[in-house]
Amino acid sequence: MVVQVPLFPLNVVLFPGGPLPLRIFESRYIDMVSERMQSEGPFGVLLIRDGQEAGGPASMHDVGTLARITDFYQGSDGLLGVTAIGEQRFRLLAAERAADGLNVGTIELLENEPEVPLPADYEPLADILAGVLDDLGKLYDSLPRQLDQAGWVANRLIEILPIQLEEKQALLGSDDSLRRLAFVREVLNSVRPATGGT
């Protein structure tokens, strides 16, 4: 399915089911957020390949995630705060800049990956994630937890671990939740402190 959506290039990789907090100050994005809230439509989030989040043009990766606004507020600094949730992945086919500088993309929606039950040998990762989510506060409080699903566990861990953005982007493009879990386990094993003798 091919559709058009406003695009938000960010230095963030958004995964399906993941939360996205934003502070909005550019008029083009304030207008976009207002329109999306009224229409209840999503916008596309893409990792910036080259350029900046604010100001001038940015080139973007071609696989991103649709985001839908779930909450908004005015921050103590007067800026508009928005919380969105990642939905379906998409591939960017073409993009153009509107007169106000907003990027608008023609996108192809990608099929949702099949749900895969979490294998028993990855249950320790779900246990780690459950403990971390309890410490992350409000942003993750409202997410329905699916700790028995391989894709959900992999995506949440990839979001919160200090993994290079380019690696996260490559993992976003993968339909293999077990491959993503194996990657996460490898990352966690590599950062565990060594034990043993002096």
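Let me begin by describing the structure that accompanies this report. Being a predicted model, the structure only gives us computed values, none of them experimental.

What about the overall build of the protein?
Here's step 1: Looking only at helices and strands, the protein features 6 helices and 7 strands.
Here's step 2: The helix and strand sequence of the protein, counted from the amino end, reads β-β-α-β-β-β-β-β-α-α-α-α-α.
Here's step 3: In terms of overall dimensions, the protein is globule-like: its C-alpha atoms have a radius of gyration of 18 Å, near the 16 Å expected for 198 residues.
Here's step 4: Taken along its principal axes, the extent of the C-alpha atoms in the protein is 65 × 40 × 35 Å.
Here's step 5: Relative to its 198 residues, the protein shows a buried fraction of 43%.
Here's step 6: The contacts of the protein with a sequence gap of at least 6 include a subset with a gap of at least 24, amounting to 65%.
Here's step 7: Working note: accessible area of the protein is about 10,600 Å², and carbon and sulfur atoms make up 52% of it.
Here's step 8: Computing the positive centroid from 16 side-chain charges and the negative centroid from 29, the protein places the two 2 Å apart.

Here we look at helix α5 (residues 165–172)
Here's step 1: Those residues of α5 lying buried are Lys-168, Gln-169, Leu-171 and Leu-172. One side of α5 holds all its buried residues, which, seen down the axis, span an arc of 160 degrees.
Here's step 2: Where α5 is buried, its residues contact β3 (43–50), β5 (63–74), β6 (80–97), α4 (150–160) and α6 (177–191).

Some points on the environment of Ile-107
Here's step 1: Residue position: Ile-107 is located in strand β7 (residues 103–109).
Here's step 2: With 47 residues separating them in the primary sequence, Ile-107 and Ala-154 have C-alpha atoms 25 Å apart.

Observations regarding the pairing of strand β1 (residues 2–10)
Here's step 1: The sheet contact formed by β1 and β7 spans 6 bridges and is antiparallel. Across the sheet, residue Gln-4 finds its bridge partner in β7, namely Thr-106.
Here's step 2: Across 4 bridges, β1 lies against β3 in parallel orientation. When the bridges of β3 are listed, Leu-7 appears paired with Gly-44.

Topic: unusual backbone geometry
Here's step 1: Backbone geometry at Glu-40 places phi at a positive 60 degrees, although glycine is not the residue there.
Here's step 2: Within the secondary structure, Glu-40 is located in the loop between α1 (27–39) and β3.
Here's step 3: By relative accessible area, which is 60% here, Glu-40 ends up exposed.

Calculation notes
Residues numbered from 1 in each chain as written. Predicted model: local features only at pLDDT ≥ 70, side-chain atom pairs only at ≥ 80, totals over all residues. Heavy atoms only, no water. Helix = DSSP H or I, 4+ residues; strand = E, 2+ residues; numbered from the N terminus. Rg over C-alpha atoms; globule rule 2.2 N^0.38 Å. Buried < 20%, exposed > 50% of the residue type's maximum accessible area, 1.4 Å probe, protein only. Contact = heavy atoms within 4.5 Å. Areas by Shrake-Rupley, 256 points an atom, 1.4 Å probe, with all protein chains shown as cover. Lys, Arg positive; Asp, Glu negative; His and termini not counted. Charge placed at Lys NZ, Arg CZ, Asp CG, Glu CD. Arc of directions from axis to C-beta. Pairing = 2+ DSSP bridges.

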